[in-house]
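A closer look at the structure
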Amino acid sequence: MSALPPDPVAGEMAVVGDDVCTPEHCLHAFDALYCELTGSTPIPPTFPDEKYPLFVTWNTRSSRPGRGPRLRGCIGNFDALPLREGIAEYALISAFKDSRFRRIEEKELPFLECGISLLTDFEDASSYLDWTIGVHGIYISFPDPALYPTSRSSSNSPSPASSSFFLPRFTPIRRTLTATYLPDVIPEQGWDKIEAVESAMRKAGWTGPITEDTRRSVKLRRYRSAKCTIGWGEFVEWRKANGDDKI
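Cut-offs and rules
Residues numbered from 1 in each chain as written. Predicted model: local features only at pLDDT ≥ 70, side-chain atom pairs only at ≥ 80, totals over all residues. Heavy atoms only, no water. Helix = DSSP H or I, 4+ residues; strand = E, 2+ residues; numbered from the N terminus. Expected span 1.5 Å × (residues − 1). Buried < 20%, exposed > 50% of the residue type's maximum accessible area, 1.4 Å probe, protein only. Contact = heavy atoms within 4.5 Å. Polar contact = N/O pair within 3.5 Å; in protein donor to acceptor, adjacent residues only side chain to side chain. Core = buried A, V, L, I, M, F, W, Y, C linked by side-chain atoms within 4.5 Å. Pairing = 2+ DSSP bridges. Axes fitted to C-alpha atoms, helices over the stretch in contact; angles between N-to-C directions. Patch = residues over 30% accessible without salt bridge, like charges linked within 9 Å, V, L, I, M, F, W, Y side chains within 5 Å. Areas by Shrake-Rupley, 256 points an atom, 1.4 Å probe, with all protein chains shown as cover. Salt bridge = Lys/Arg side-chain N within 4 Å of Asp/Glu carboxyl O. Lys, Arg positive; Asp, Glu negative; His and termini not counted. Charge placed at Lys NZ, Arg CZ, Asp CG, Glu CD. Phe/Tyr/Trp six-rings, centres within 6.5 Å; stacked < 30°, edge-to-face > 60°. Lys NZ or Arg CZ within 6 Å of the ring centre and 35° of its normal.

1. Topic: helix 4 (residues 193–204)
- Taking 1.5 Å per residue, twelve residues should reach 16 Å; helix 4 reaches 16 Å between its end C-alpha atoms and fits that length.
- Along helix 4, the positions that sit buried rather than exposed are Ala196, Val197, Ser199, Ala200, Met201 and Ala204.
- Residues of helix 4 that are buried make contact with strand 4 (137–143), strand 5 (176–181), helix 3 (185–189), helix 5 (212–216) and strand 6 (219–231).
- The N-cap residue of helix 4 is Asp192: its side-chain oxygen and the backbone nitrogen of Ile194 are 3.2 Å apart.
- Just beyond helix 4, the residue with positive phi is Gly205, at close to 120°.

2. Digging into the nonpolar core
- Core analysis: the largest hydrophobic core is formed by 37 residues, its most contacted members being Phe30, Leu33, Leu54, Val56, Trp58, Ile116 and Leu118.
- Contributions of two or more residues to this core are made by helix 1 (23–38), strand 1 (51–60), strand 2 (70–82), helix 2 (83–96), strand 3 (112–124), strand 6 and helix 6 (232–241).
- Broken down by element, the residue count for this core peaks at eight residues, all from helix 1.
- The next biggest cluster of nonpolar side chains, apart from the first, holds 20 residues, and it includes Ala125, Met201, Trp206 and Leu220.

3. Topic: the sheet that holds strand 4
- Spatially, 2-1-3-6-4-5 is the arrangement adopted by the six strands of the open sheet, whose pairing is antiparallel. What marks the edges here is a single partner per strand, and that holds for strand 2 and strand 5. Ignoring strand direction, the axes of neighbouring strands in this sheet form an average angle of 25°.
- Direction of pairing for strand 4 relative to strand 5: antiparallel, over a ladder of six bridges. Bridge assignment links Ile140 to a residue of strand 5, and that residue is Ala179.

4. Topic: a negative patch on the surface
- A cluster of acidic residues, Asp19, Asp49, Glu50, Glu85 and Glu89, forms a negative patch at the surface.
- What makes Asp19 exposed here is its relative accessible area of 60%.

5. Focus: the packing of aromatic side chains
- One pass over the structure, following the stated rule, counts 13 aromatic pairs.
- The interplanar angle of 35° and the centroid separation of 5.9 Å between the aromatic rings of Phe235 and Trp238 together place this pair among those described as tilted. Taken as a pair, Phe235 and Trp238 lie in helix 6 at a separation of three residues, close to a single helical turn.
- Phe235 gets classed as buried once you look at its relative accessible area, which sits at 0%.
- An aromatic cluster of at least three residues, connected via ring pairs, comprises Phe30, Tyr34, Trp58, Trp232, Phe235 and Trp238.
- Its guanidinium or amino end placed over the ring of Phe47, Arg84 lies 6.0 Å from that ring's centre, counting from NZ or CZ.
- If you follow Lys193 out to its NZ or CZ, it ends over the ring of Trp131, 6.0 Å from the centre.

This is the structure we're talking about:
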């Protein structure tokens, strides 16, 4: 994953529309994984090769009624990538390289669903609270609190007007911690804004106490995403329609 979400470069980002993320993007990701695991021949994509920051998410669908999908892998890149190559690449990276999970195996394919998130509308937030749940994803970065002395004017009350860094007199080592949550993750977890930011800080690797001072040290970038999800059955029908009678 890219270390920092860049500002969109003029001419690189496609105009956002209702059809920005389509089932064909998901089918292309599924095809990359299927062909990697089975040695089958990929079907060339026909969608426009535009550039977007993107994430590929693999979930396992439950066979039990009422149970939602379970995360199986999710990795992406905040750089604007050509979609044809980028989706195929991150379909495999998220399937095989997500350190939270073992590699996806061929026998799991019938239980998988694939989600593609194309990221848009990056903005610097004025504070760690300057974003909307259910609309924005968040990318946070903050200096490792272990390397910074504690402010004497500590308060645990959230302050939407302040996200400024506390700057010590000496900074012999600079280490920045980062993490992101896609827009759909936060409402799925039922978090409020403070809970989401604090969870992201833990995800970034901070294990110490979280106070208002540490929350104010967070620099937050908000973004939106266009997402599409398909399951294995839809992929199988697509392969058959494109001449694969062996799947």
